[in-house]
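# Observations on the three-dimensional arrangement
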Amino acid sequence: MTPTLENEFYNLYLGYFHKAEERRRWNLLNDIPWKDVGRTPDPKIVQVVESFMAVELYLPDYTSKILHLVRASRGRAWFQANWGYEESKHSLALEMWLVNSGSRTDNQIREFEELILGREWNLPYDTPIEMIVYTMLQEFATALNYRGLRKVADQANDAALDKVLFLLARDEVGHFQFFKDGVGLHLKQDRDRTLEAINKVIRTFRMPAQDIIPGWTEQGNLITQLGIFDDRIYMRDVVKPVLISLGIDIAELREARKRVNAAERELVVA
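Just so it is clear, the structure is predicted and the values come from calculations on it, not from any experiment.

### A few points about the overall build of the protein
The helix and strand tally for the protein stands at twelve helices and zero strands. Going residue by residue from the N terminus, the α and β elements of the protein occur as α-α-α-α-α-α-α-α-α-α-α-α. Radius of gyration (C-alpha) of the protein: 19 Å, near the 18 Å computed for a compact globule of 270 residues. C-alpha extents for the protein along the principal axes are approximately 60 × 40 × 35 Å. Considering the protein as a whole, with its 270 residues, one finds that 50% of them fall into the buried category. Relative to all contacts within the protein whose residues are 6 or more apart in sequence, the contacts with residues 24 or more apart total 85%. Per element, the accessible surface of the protein, about 13,700 Å² overall, is 52% carbon and sulfur. Each charge class in the protein was averaged separately, 35 positive and 40 negative side chains, and the resulting centres sit 4 Å apart.

Pasting the structure below:
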């Protein structure tokens, strides 16, 4: 991080923080109509909500490991701390819906938490530039997941769940915007290296749940069957619009991949 890039990241964080304080903060108890929660939710919807809550439960790993990676950057580290606060609300909101709807008891939630936290999430990439690209795509995909579930649950007549999913998706879009603007700063500083990182992450991207949630194959199949998320949706509705928003065309990515492949061949020869 050059001093100029660090200053730009800190200003980016300040802009994010003030905008969130003014327009996006919400209260877990007061801004969700818990009195209107549905009492007989579709078991499939319950299963997906529980899966999404499981992803959010890895918050200690997400925050501590990414913070350690970016701790030298005040802009990114302060954002990560703020991100952790917002994501903790997501976990609580999903948990409250599961309990208030009668889908899970408090004891069942605690047992589930123990099962989930028995595993550990590790960084999928080693460098800050790769991780910011990864989190950019992951946050966009997560917002898409919440929107997709909201659409599936639209006929359930559950105002509480609808509001939860709306608020969570809106937060994820805010997170994506910060990461996307951060990737834009890297593109401005070193476009070739950033394109190489983008190319690598797009090709190797996996949502956190795929590697850490027990029984994820069944959960993932359900999410696919409901049309919420799959590989095709990832490429069409995540990768394509994100690249467009960054001003990157496919030809540039192909050239980046050629450079990476050439460098890897040189290493093998050496």
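### Details of the packing of helix H8 (residues 191-204) against helix H11 (residues 231-246)
For any two helices packed against each other, the geometry comes down to the angle between their axes and how far apart the axes lie. Following both chains from N to C, one finds H8 and H11 inclined at 170°, their axes separated by 12 Å at the closest point. In terms of orientation, H8 and H11 fall into the roughly antiparallel class. Touching Ile198, Val201 and Ile202 of H8 are Tyr234, Val239, Leu243 and Leu246, all from H11.

### So, the nonpolar core
The biggest cluster of nonpolar side chains holds 85 residues, and the ones touching the most others in it are Ile32, Trp97, Val133, Met136, Leu137, Ile198 and Phe229. Among the elements that line this core, the one with the most residues is helix H7 (residues 159-189), at 13 residues. Discounting residues that sit within four places of it in the chain, Phe229 has contacts with Ala141, Leu144, Asn145, Met207, Ile223, Thr224, Tyr234 and Val238.

### Quick notes on the packing of helix H4 (residues 74-100) against H7
Between H4 and H7, the least distance of the axes is 10 Å, while the angle of their chain directions is 165°. Considering the angle they form, H4 stands roughly antiparallel to H7. Between H4 and H7 lies a crossing of left-handed hand. Along its contact with H4, which presents Gly75, Phe79, Gln80, Trp83, Glu86, Glu87, His90, Ala93, Leu94 and Trp97, the element H7 presents Ala160, Leu161, Val164, Leu168, Asp171, Glu172, His175, Phe178 and Phe179. For the contact of H4 with H7, a count of residues per class yields eleven nonpolar, four polar and four charged.

Thresholds applied
- For every chain, the first residue of the written sequence is number 1, and numbering continues from 1 along that sequence.
- Where local features are concerned, this predicted model is filtered to residues with pLDDT of at least 70; where side-chain atom pairs are given and counted, the filter is 80 or more; whole-chain, interface and lining totals use all residues.
- Values reported for side chains reflect all heavy atoms of the structure, with hydrogen atoms and water molecules removed beforehand.
- Helix and strand definitions here come from DSSP, where helices need a minimum of 4 consecutive H or I residues and strands a minimum of 2 consecutive E residues; each element is numbered from the N-terminal end.
- Put simply, the radius of gyration uses C-alpha atoms, and a globule should come to 2.2 Å times the residue count raised to 0.38.
- Burial here depends on accessible area, computed with a 1.4 Å probe over protein chains only, as a share of the maximum for the residue type. Under 20% is buried, over 50% is exposed, and the range in between is partly exposed.
- The criterion used for residue contact is that any of the two residues' heavy atoms lie within 4.5 Å.
- Per-residue accessibility takes into account occlusion by the displayed protein chains alone, with areas from the Shrake-Rupley method and a 1.4 Å probe.
- A residue counts as positive if it is Lys or Arg and as negative if it is Asp or Glu; His and the chain ends are not included.
- To locate a charge, take NZ of a lysine, CZ of an arginine, CG of an aspartate or CD of a glutamate.
- Comment: axis = line fitted to C-alpha atoms, over the contacting stretch for helices; angle = value between 0 and 180 degrees taken between N-to-C directions.
- Note on terminology: angles under 35 degrees are roughly parallel, angles over 145 are roughly antiparallel, angles of 65 to 115 are roughly perpendicular, and the others are oblique.
- What we call a nonpolar core is a set of buried Ala, Val, Leu, Ile, Met, Phe, Trp, Tyr and Cys residues that are connected through their side-chain atoms within 4.5 Å.
- The hand of a helix crossing depends on one turn: near helix anticlockwise from the far one by less than a right angle means left-handed, and clockwise means right-handed.
- Each residue is assigned to one of three groups, with Ala, Val, Leu, Ile, Met, Phe, Trp, Tyr, Cys and Pro labelled nonpolar, Asp, Glu, Lys and Arg labelled charged, and all others, Gly among them, labelled polar.

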